[in-house]
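Breakdown of the fold
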Amino acid sequence: AAALLTTVFLIILYPAIDLAYQRYLPEYIEQQTIVISTLVSLLTVLVYNVIRKLLNVLFAKGINAREDELLRFSQDINNTLDSTQILKTFSSFIERNIICEAIYICTQNENGDFVTKVNTRLTMAEELLIKRDSPLVVWLEEQNTAIHFRDFSRTQHYRSMWDEEKQLYESLNIRLVLPVTEGGRLIAVTLFADADNHTICNAGDIVFLESAAAVMSIAIKNAMLYTSMQDEAHNDGLTGLYNRRYFMEIANQSFSKCVKGSFSVAILSLDDFRLFNELYGTHQGDRLLQDFSKMLLVVSGNQGIVGRYSGKEFILAFPFKDAKAVTDLIAS
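The following paragraphs examine the structure supplied in this document. In this text, all values refer to a predicted model and were calculated from it rather than measured experimentally.

1. Considerations on the overall build of the protein
Counting its secondary structure elements, the protein contains twelve helices and nine strands. For the protein, whose C-alpha radius of gyration is 34 Å, the value lies well above the compact-globule estimate of 20 Å for 332 residues. Projected onto its principal axes, the C-alpha coordinates of the protein cover approximately 125 × 45 × 40 Å. For the protein, with 332 residues in total, the buried portion stands at 35%. Considering only contacts in the protein between residues 6 or more positions apart, those separated by 24 or more positions represent 58%.

Next up, the structure:
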């Protein structure tokens, strides 16, 4: 750019420079070429340094702006331990900084498949599903880096995908895939869609997004730990039912709402459970407790509260149900 500007400058002003040189420096006419060449070189260096300084200032502003965005994002996302809110904050961050038509953030369900939790394309009613054994998931777990879908389509993993999968991503105009990992485990997949722009993110954008994904993975990990701690505090580790302490808290809250109605409590005990353990072993005993817990949950449905009262005892509370109705329900 500096050489081009200097050349244009020289072409425009050379006649005037030549005339001035011949008028004021006639005794050095033989050195005219060397003098003008030296001046042009110095001017080129000067222009080069001015342009470089301007570019550095602009580039530094861009870096500072993105660093400020990451700092703001980190503060926003660490203000909550709710996984859903974390995903929405991540989506808002992407929308502010990346120009694209739609964003799909998919997290794992109980089957290990990835399903949409946040979708910025309001016209899409169906849930996007990525199977846990999908070649795309396998590639992201192996590489742990973002990839343009155009580049992914050249890989062996893409060629091993079902035609239905390929058609799905093509119909959605997926252009970029960003993994979110925690401890080497893939916990979320972010898909960027745009019908017109086939390369929505350059290398700098991808580094920026991967930095945000790293921040998000820490927030998700904290949310998962918090949820796990809550589960441990509220639930029995073996059966998954409410533990005795938390059951009493929930039951007391329900009881206060039933001051003008019925409130029934039933305690069920498994007879000869110690003998069962001695005959079949504690492993089978644990399975019996788990199966029985599932039965109690089915019986109570949305009508009652179920907890583990002690080793072989279970407790159920039924707001607004009298003793006879509860007895009949359990007997059935």
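The structure having been displayed, the exposition proceeds.
2. Here's the deal with the pattern of salt bridges
Taken as a whole, this structure holds ten salt bridges when the rule is applied. Across the salt bridge formed by E249 and R245, the nearest N and O atoms sit 2.8 Å from each other. Taken together, the residues E249 and R245, both in helix α9 (residues 244–256) and four residues apart, mark about one turn of the helix. Given the relative accessible area of 35%, E249 is considered partly exposed. With relative accessibility at 47%, the residue R245 sits in the partly exposed group. For D328, the salt bridge is made with K324, and the minimal N-O distance between the two is 3.0 Å.

3. Description of the pairing of strand β8 (residues 305–308)
Remember that side chains alternate between the two faces of the sheet whenever the strand is regular. The alternating pattern of β8 places I305 and G307 on one face and V306 and R308 on the opposite face, and all of these are buried. Here β8 pairs with strand β9 (residues 313–319) via four bridges, running antiparallel. Bridge pairing links I305 to A317 in β9. The hairpin formed by β8 and β9 contains four residues between the paired strands.

4. Some points on helix α1 (residues 2–24)
Between its first and last C-alpha atoms α1 spans 28 Å; for 23 residues at 1.5 Å apiece the expected length is 33 Å, and the helix comes up short by more than 12%. When the local axis directions of α1 are compared, the greatest deviation, roughly 60°, occurs at L13, which is followed within four positions by the proline P15. Listed as buried for α1 are A2, T6, D18 and Y21.

5. Notes on the layout of surface pockets
Of the volumes computed, that of the largest pocket is approximately 230 Å³. Lining the largest pocket are S83, T84, L87, T107, Q108, K117, R185, I187, A188, M216, I220 and M224. Tallied by class, the residues present in the lining of the largest pocket amount to six nonpolar, four polar and two charged. Approximately 180 Å³ is the volume found for the second largest pocket. If you go around the second largest pocket, the residues you meet are F149, R150, S153, Y158, K166, Y169, E170, N173, I174, R175 and H198. Breaking the lining of the second largest pocket down by element, the ones donating at least two residues are α5 (149–152), α7 (163–171) and β5 (174–182). In terms of residue count, α7 provides more of the lining of the second largest pocket than any other element does, three residues in total. Among the residues forming the lining of the second largest pocket, the class breakdown is four nonpolar, three polar and four charged.

6. Observations concerning the nonpolar core
F90, I94, F192, L209 and M216 are the most contacted members of the largest nonpolar core, which has 30 residues in total. Elements with a contribution of two residues or more to this core: α2 (32–77), α3 (83–97), β1 (102–108), β5, β6 (185–193) and α8 (203–234). Here the element with the most residues in this core is α8; it accounts for nine residues. Those residues in contact with F90, other than ones at most four positions away along the chain, are F73, I105, L178, T190, A212, A213 and M216. Counting 23 residues, the second-largest nonpolar core is a separate cluster that includes L128, L140, I174 and V189.

7. Remarks on unusual backbone geometry
Here the phi dihedral of N144 falls at roughly 55°; this positive angle occurs in a residue that is not glycine. Relative to the elements of secondary structure, N144 occurs in the loop between α4 (135–143) and β4 (147–148). Non-glycine residue F320 carries a positive phi angle of around 65°. Assignment of secondary structure puts F320 in the loop between β9 and α12 (323–331). When its relative accessible area of 56% is taken as the criterion, F320 is described as exposed.

The rules behind the values
- Residues numbered from 1 in each chain as written.
- Predicted model: local features only at pLDDT ≥ 70, side-chain atom pairs only at ≥ 80, totals over all residues.
- Heavy atoms only, no water.
- Helix = DSSP H or I, 4+ residues; strand = E, 2+ residues; numbered from the N terminus.
- Rg over C-alpha atoms; globule rule 2.2 N^0.38 Å.
- Buried < 20%, exposed > 50% of the residue type's maximum accessible area, 1.4 Å probe, protein only.
- Contact = heavy atoms within 4.5 Å.
- Salt bridge = Lys/Arg side-chain N within 4 Å of Asp/Glu carboxyl O.
- Pairing = 2+ DSSP bridges.
- Expected span 1.5 Å × (residues − 1).
- Bend = angle between axes of the 7 residues up to and from the residue.
- 1 Å grid on protein atoms, 1.4 Å probe; cavity = no way out; pocket = protein on both sides within 12 Å on 5 of 7 lines; lining within 4 Å.
- Points joined across faces, edges and corners; volume = space filled by probe spheres on them.
- Nonpolar A, V, L, I, M, F, W, Y, C, P; charged D, E, K, R; others polar.
- Core = buried A, V, L, I, M, F, W, Y, C linked by side-chain atoms within 4.5 Å.

Shape descriptors only; they carry no functional weight alone.
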